Amino acid sequence: MKVLRMPLAAIGQIRSTASVSHNLKLCQNLVRKAAAAGADALFLPEASDYIASSPQQSLSLCQPLRTSSFVLGLQDAAKEHRIAVNVGVHEPSSNPSKIYNTLLWITPDGSISQTYRKLHLFDIHLADGTVNLRESASVSPGEALTTPFSTALGNVGMLICFDLRFPEPSLALRNRGAHIITYPSAFTVATGEAHWETLLRARAIETQCYVIASAQVGAHDEEGKRKSWGHAMIIDAWGKVVAKLGGDEDEGGLAVAEVDLGLVERIRGEMSLKRREGVYGSIE
Ligand SMILES: O=C(O)CNC(=O)[C@H](CS)NC(=O)CCC(=O)C(=O)O
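Rules used throughout
Residues numbered from 1 in each chain as written. Predicted model: local features only at pLDDT ≥ 70, side-chain atom pairs only at ≥ 80, totals over all residues. Helix = DSSP H or I, 4+ residues; strand = E, 2+ residues; numbered from the N terminus. Rg over C-alpha atoms; globule rule 2.2 N^0.38 Å. Buried ≥ 20, exposed ≤ 12 C-beta atoms within 10 Å, placed from the backbone. Contact = placed C-beta atoms within 7 Å. Near = placed C-beta within 6 Å. Nonpolar A, V, L, I, M, F, W, Y, C, P; charged D, E, K, R; others polar. Expected span 1.5 Å × (residues − 1). Bend = angle between axes of the 7 residues up to and from the residue.

- The name given to the chain in an unreviewed UniProt entry is CN hydrolase domain-containing protein, with the source organism recorded as Periconia digitata.

Have a look at this one:
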């Protein structure tokens, strides 16, 4: 008799630096561990390939997907361990002074089947001086959502980090069939502490989707100018946190949770979120 088991998702947490080869080793290590844990897919953070300390450095480290040692190395690892990998990387854009912040879906046979380019860019200046970032200085915004696609875990809809603050694209992905929404991230410590878990749980509750949010953690450069909040987590379609990592400096690592599509269907059936679009308009 065939034993039915629920698919298993793994979230990875790393501290990427400007060393692409170092970051690749961290990610390949997590691929191996996720496969050993029996996961069907591993979700790695935004900008897993590198986190640079200036827009210039970010541009100079950026490689086309086809020739990037990081992307090729992860494709090999996915194929070797027969596991899907969702990973955030940088990619050249048609504008030579700009790049894209891109998310890849690598299948267990090692090919890139889906891509998504971050729509919303993170420009922030907190008056207390703790956070000052201008993503739009080096990144071009994407122009399209990627239609949710079928995987061993269910239909995956891809968004990235700061996209989390906008409910509309997550609702649009839900309307287009998503069971799972991803938010691979590199949240700042100040905004992560204030908003991260609340926003993730809100997106899960209002879309009635699993939310899978891998995260960068700790200091990305020697001076500690750039630090990420960590706290990668998986949230079920009822808003319950079912896997969670910490926020300590060196707390890289892995956590796993089952993805129960029966629960998704049950919640959607029990509490229908029927909209009054005639009153306030629709989200396509
Ligand atoms: O710089 C790279 O290479 C990778 N990209 C990032 O780290 C991006 C843009 S600076 N970070 C965020 O979007 C954080 C959002 C955030 O912290 C919030 O919404 O509060």
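### Focus: the overall build of the chain
Okay, so step 1: A count of helices and strands for the chain gives 7 helices and 16 strands.
Okay, so step 2: Taking 284 residues into account, the globule formula puts the C-alpha radius of gyration at 19 Å, and the chain, at 18 Å, falls close to it.
Okay, so step 3: C-alpha extents for the chain along the principal axes are approximately 50 × 50 × 35 Å.
Okay, so step 4: In the chain, which comprises 284 residues, the share counted as buried stands at 45%.
Okay, so step 5: Expressed as a percentage of contacts within the chain between residues at least 6 apart in sequence, the contacts between residues at least 24 apart total 69%.

### Let's talk about the site of the ligand
Okay, so step 1: Close to the ligand lie 15 residues; A47, F122, F162, A186 and T191 are nearest.
Okay, so step 2: Residue composition of the shell around the ligand, grouped by class: 8 nonpolar, 4 polar and 3 charged.

### Looking at unusual backbone geometry
Okay, so step 1: A positive phi angle, close to 55 degrees, is found at A47, a residue other than glycine.
Okay, so step 2: Counting through the fold element by element, A47 comes out in the loop between β2 (41–43) and α2 (55–61).
Okay, so step 3: Of note, H231 is a non-glycine position whose phi angle comes to about 60 degrees, a positive value.

### As for the environment of F122
Okay, so step 1: Following the sequence through the fold, F122 ends up in the loop between β5 (112–117) and β6 (123–125).
Okay, so step 2: Along the sequence, F122 and L133 sit 11 residues apart, while their C-alpha atoms lie 7.2 Å from each other.
Okay, so step 3: Contacts of F122, omitting those with residues within four sequence positions, involve L133, E135, C161 and F162.

### As for helix α5 (residues 189–207)
Okay, so step 1: Taking 1.5 Å per residue as the helical rise, α5 with its 19 residues ought to reach 27 Å, and the 26 Å between its terminal C-alpha atoms agrees with that figure.
Okay, so step 2: At H195, α5 is bent by approximately 50 degrees, the largest bend along its length.
Okay, so step 3: Taken residue by residue, α5 has G192, W196, L199, L200, R203, A204 and T207 as its buried positions.
Okay, so step 4: The secondary structure elements touched by the buried residues of α5 are α4 (167–175), β10 (180–182), β11 (210–213), β13 (227–229) and β14 (233–235).
Okay, so step 5: Two residues or fewer after α5 comes Q208, characterised by a positive phi angle close to 55 degrees.

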